[in-house]
Amino acid sequence: MTAEEQLSEGQHAIPMEGEDITPKKDGGVLKLVKREGTGTELPMTGDKVFVHYVGTLLDGSHFDSSRDREEKFSFELGKGQVIKAWDIGVATMKVGELCQLSCKPEYAYGSAGSPPKIPPNATLVFEVELFEFRGEDITEAEDGGIVRRIITKGQGYSKPNEGASVDVTVVGTCEGRVFDERELKFEVGDGEGLGLPVGVEKAIMAMEQEEEAIFNIKPKYGFGNAGNAKYNIPGGATLHYKIKLTAFEKAKESWEMNTVEKLEQSTIVKDKGTQYFKEGKYKQASVQYKRIVSWLEHESGLSEEDEKNAKALRLAAHLNLAMCFLKLQEPNTVLENCDKALELQASNEKALFRRGEALFSMKEFDRARDDFQQVVQLYPANKAAKSQVSLCQKRIKEQHEKDKLIYGNMFQKFADRDSKKEAETGKSEGKASENDGMEVENGEKEVASEAKV
């Protein structure tokens, strides 16, 4: 006998009642509020929600309960991670709300059911309590630096990539004040030149076409500790951006381009990166140079001429990346790119010099001196390298003197401590000797006394 047949015979324990909350108004999901929630805010698509629930068949038998497990259940709303009824129903709830959701089969487990507990074509009733919801963290590091809350879900599954052409509307606010409101068309990677923080571009790359969302952007992905004078944003400020991605055209991925296209595009973005570098936009410049590496690093089967051009472009990209990251004070990344450049050309003057600069900034003066000395040997006219060798020698000498002073004082402390211990030991031994003499002397007196007796 099906649940509906039981219902018609009056054998059900739970009445089907409540407001129809389905978009189609087909009675597929009925909601009955048992306890009102607090506030006015509702969870949005993509939010992570935390609930307790009890699932019941129409005859009153429980088939599942998070309360029995004493552990809240969480899922991302509107992502199809749960039955349709839940995505619809929980989206209407406020924090603290307790409700009953009556779900027809087509909004639950359908004609298949979920054996062995849920039979085919079963209408289900859930008691659901919403405890909290939070936005979706879209950062790679999952550090909470960029949190999204979707207002309007986008279409399709495709998202903009690096270099994609995008049409967007952005509204930036800080502490309730709108500081930026514009419609823009640009290539992803060029945002900094338009006054957009890096977090906005990362946000756009997570969006689908026609999506509208609110992004909470922490200082690390915003304007940092420096703030932004143009927009009157103080250092360390958290930003809020409402972004609508109207349209976009993806940039071609490496596998979509032939060798000729890769070489042509690499030349274009190299010039673009150089322009950014001249303007002091080192992050943006590095984005362009990285594209060259991604396109050409693993390219094989090239003609002799193409191989020569590809190698020259890769070498220039790594050298320019090293320079960008020197300016950005990221020495480890400088080392990586200099090493890559030296793999392409073992005696490259710029790669050796820039690696030396990075090592010097890391206070690895011995290694830095070696690189600068190699530059001097290979390129005697390089006066800057000669100067750096002398500076390294000076720093090494200063470090040796400092170490000598530190270790000299340390060894002197050890010596003083040992002398003190020896003095204390000698004093103790002296007292012990005196006591031994007294005992012998007393013994002799006792013997004499005995002899006298």
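Our structure's up above, just so we're on the same page.
Quantities reported herein were computed from a predicted structural model and do not represent experimental measurements.

Caption draft 1: How the structure looks around helix 7 (residues 304-327). Compared with an ideal rise of 1.5 Å per residue, which puts 24 residues at 34 Å, helix 7 spans 35 Å between its outermost C-alpha atoms and is within 8% of the ideal. When we look at burial in helix 7, the residues that qualify are Ala310, Leu313, Arg314, Leu315, Ala316, Ala317, His318, Leu319, Leu321, Ala322, Cys324 and Phe325. Remark: Gln329 follows helix 7 within two positions and exhibits a positive phi of approximately 60°.

Caption draft 2: Quick peek at the pattern of salt bridges. Following the criterion strictly, the structure yields 30 salt bridges and no others. Lys79 is the partner of Glu76 in a salt bridge, and the nearest nitrogen-oxygen pair spans 3.6 Å. Of the residues examined, Lys79 reaches a relative accessible area of 35% and is grouped as partly exposed. Residue Lys281 pairs with Glu279 through a salt bridge whose shortest N-O separation is 3.1 Å. Classification of Glu279 by relative accessible area gives partly exposed; the value is 41%. Through salt bridges with shared partners, a single ionic network connects Glu76, Lys79, Glu136, Arg148 and Glu211.

Caption draft 3: Seen up close, the sheet that holds strand 9 (residues 146-152). In spatial order, the strands read 8-9-12-13-10-11; together these six strands make up an open sheet with antiparallel pairing. Edge positions in the open sheet fall to strand 8 (136-137) and strand 11 (177-187), since each of these has one partner strand only. The sheet contact formed by strand 10 (residues 165-174) and strand 11 spans 10 bridges and is antiparallel. Note on strand 11: the bridge partner recorded for Ser165 is Glu187.

Caption draft 4: Spotlight on the nonpolar core. Membership of the largest hydrophobic core comes to 40 residues, with the highest contact counts inside it found for Tyr289, Ile292, Leu296, Val334, Ala368 and Phe372. If you list the elements that add at least two residues to this core, you get helix 5 (259-278), helix 6 (282-296), helix 7, helix 8 (331-344), helix 9 (349-361), helix 10 (365-378) and helix 11 (383-452). Counting residues in hydrophobic clusters, the runner-up holds 29 residues, among them Ile146, Cys174, Val188 and Ile243.

Caption draft 5: Region of the structure containing the packing of helix 7 against helix 8. Direction vectors running N to C along helix 7 and helix 8 enclose 160°, while the axes themselves pass 8 Å from each other. One way to sum up the angle between helix 7 and helix 8 is to call them roughly antiparallel. Every pair of crossing elements has a handedness; the one defined by helix 7 and helix 8 is left-handed. Residues Lys311, Arg314, Leu315, His318, Leu319, Leu321, Ala322, Phe325 and Leu326 of helix 7 lie in contact with helix 8, whose contacting residues are Thr333, Val334, Asn337, Cys338, Lys340, Ala341 and Leu344. Split into classes, the residues belonging to the contact of helix 7 with helix 8 amount to 10 nonpolar, three polar and three charged.

Thresholds, definitions, all that
Residues numbered from 1 in each chain as written. Predicted model: local features only at pLDDT ≥ 70, side-chain atom pairs only at ≥ 80, totals over all residues. Heavy atoms only, no water. Helix = DSSP H or I, 4+ residues; strand = E, 2+ residues; numbered from the N terminus. Expected span 1.5 Å × (residues − 1). Buried < 20%, exposed > 50% of the residue type's maximum accessible area, 1.4 Å probe, protein only. Salt bridge = Lys/Arg side-chain N within 4 Å of Asp/Glu carboxyl O. Pairing = 2+ DSSP bridges. Core = buried A, V, L, I, M, F, W, Y, C linked by side-chain atoms within 4.5 Å. Axes fitted to C-alpha atoms, helices over the stretch in contact; angles between N-to-C directions. Parallel < 35°, antiparallel > 145°, perpendicular 65-115°, else oblique. Left-handed = near helix turned anticlockwise from the far one by under 90°. Contact = heavy atoms within 4.5 Å. Nonpolar A, V, L, I, M, F, W, Y, C, P; charged D, E, K, R; others polar.

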